[in-house]
Amino acid sequence: MSLSEKDKHLIWHPYTQMKDAIPNIVVEKAEGAYLFDEKGNRYIDAVSSWWVNLHGHAHPYLAQALQNQFSKIEQVIFAGFTHAPAVKLAEKLLQHLPDNQQKIFYSDDGSTAVEVALKMAFQYWYNSGEKKTKLLALEGAYHGDTFGAMSASSRSAFTAPFNSYLFDVEFADFPSQDSNTLLQLETAFKKGDVAAFIFEPLVQGTAGMKMYDPAMLEKMLGLCRKYNVLSIADEVFTGFYRTGNFFACDHQQGQPDIFCLSKGLTGGVMPLGVTTCTGKIYNAFLSDGTDKVRTFFHGHSYTANPLACAVAVASIELLEREETKKNIERITYSHTTFASKIKDNKSIADVRQSGTILAIEFAGEKGYFSAMRNELYLFFISKGIVLRPLGNVIYLVPPYCISDKDLDEIYTAIQESFSIINS
Ligand SMILES: Cc1ncc(COP(=O)(O)O)c(C=O)c1O
């Protein structure tokens, strides 16, 4: 049996209808922006392996950081113990976060970072003795696949089997220029029972790379402040320069109370989640003596895994290099030039960009289950490019090391795909 056949026999893959699944490509190695399969075929990883890889695969600086850390301490219980990588990473993150952020809580991935944020927000009001129990989110939101994160996400085919188990969340319209979002938020906030508002800043990734204005984000955060509602920025996808700034929230002046981070946090090497909060939130969990019920009773076996923390520190050091910033600007400029070249093509309903994220929405059948999806996916794979369409939307979220030549190869394939879809 080949590896691919054994895989089919043994393994259940995520987000995959296994009955008619396209055979999985067996990746043997990866380097920089490339994946190589067992037959030696090369693929450009234009989606950074589910949006996690920042600096390219097998980066020697990250490999060295992992190896160094492994020779010291690879894993230790994080209650009663700490270690240098966890402390160093906390220091590094706080240097880049808005100055209202003061504490770092570690978990495992994007979904758990969101779970922690929600529990932190709900327990903050519980500990404060105020009856604020409601959550507000945005239509189209995706915050992860665990139950709390699913509850905070828009109801969709993803959540349908579980809807009756999810807690009640009120959804405001996606904040486009002519939407009623601000009015909807204000009306809900005025009732005084809203604990928190959770949002993906500037870009809703899973919804199809839907983008909104920083000014709108600033106004939403202003309303949270005005009505004493905790604001939770889910930067799991948008963090670490994806939108051109370190965090998407850096495009405006408002300061969220809580941040959720993951994906690019370790440069795409190890799973790790982080939830950060203000000193005010943290202080609400402090108590003396026997009043232990104010404690935040949450943790995971691998909380603050030293290998993950060490590689995250190294990844942020790479992000801080001038060379990386130049690459981010180069990719952003390149996307802008390409977007203006194709924007009037009849095959396209919309082309949009936020920093290094470029999304192209095809005209025709909309939505995650659009028939275009598989056709486009297989077309790009045949061209040696990994682009995983979200229905009728294709997008580029490349690692920052991608060359101009590879970007041009992708742009050329995208232009060719217009005629495939139209034929
Ligand atoms: C904005 C956002 N939040 C949370 C998550 C969940 O992250 P994970 O898949 O690491 O659990 C995702 C994943 O795509 C995401 O895009």
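To start, this report covers the structure provided alongside it.

Rules used throughout
- Residues numbered from 1 in each chain as written.
- Predicted model: local features only at pLDDT ≥ 70, side-chain atom pairs only at ≥ 80, totals over all residues.
- Heavy atoms only, no water.
- Salt bridge = Lys/Arg side-chain N within 4 Å of Asp/Glu carboxyl O.
- Helix = DSSP H or I, 4+ residues; strand = E, 2+ residues; numbered from the N terminus.
- Pairing = 2+ DSSP bridges.
- Axes fitted to C-alpha atoms, helices over the stretch in contact; angles between N-to-C directions.
- Contact = heavy atoms within 4.5 Å.

### Focus: the pattern of salt bridges
Under the criterion given, the structure shown has ten salt bridges. The salt bridge involving E409 is made with R42; its shortest N-O contact spans 3.5 Å. Here E409, found in helix α13 (residues 404–422), pairs with R42, found in strand β3 (residues 42–45); they are 367 residues apart in sequence, far enough to count as distant. K383 serves as the salt-bridge partner of E416, at 2.7 Å between the closest nitrogen and oxygen. Note that E416 is positioned in helix α13 and K383 in the loop between α12 (372–382) and β15 (385–386), a separation of 33 residues in sequence. Beyond isolated ion pairs, a larger network of salt bridges with shared partners links D350, R352, E361 and K366.

### Comments concerning the sheet that holds strand β4 (residues 101–107)
Reading across the sheet, the seven strands line up as β4-β12-β11-β10-β7-β5-β6 and stay open at both edges, with mixed pairing between neighbours. In this open sheet, the two edge strands, each paired with only one partner strand, are β4 and β6 (169–172). Across the sheet, the axes of successive neighbouring strands diverge by a mean angle of 20°, strand direction being ignored. As paired strands, strand β10 (residues 230–234) and strand β11 (residues 258–261) are joined by three bridges and run parallel to one another. Note on β11: the bridge partner recorded for A233 is F259. Along the sheet, helix α4 (residues 84–96) makes contact with β4, β11 and β12 (273–278), crossing β4 at roughly 135°.

### Side note on the sheet that holds strand β14 (residues 357–362)
Here we have three strands laid out as an open sheet, ordered β13-β14-β16, and antiparallel in their pairing. In the strand order of this sheet, the two ends are held by β13 (348–354) and β16 (393–396), each with one partner. Averaged over all adjacent pairs, the angle separating strand axes in this sheet is 15°, with direction ignored. Pairing geometry for β14 and β16, over four bridges, is antiparallel. Bridging from a neighbouring strand, A359 pairs with Y395 of β16.

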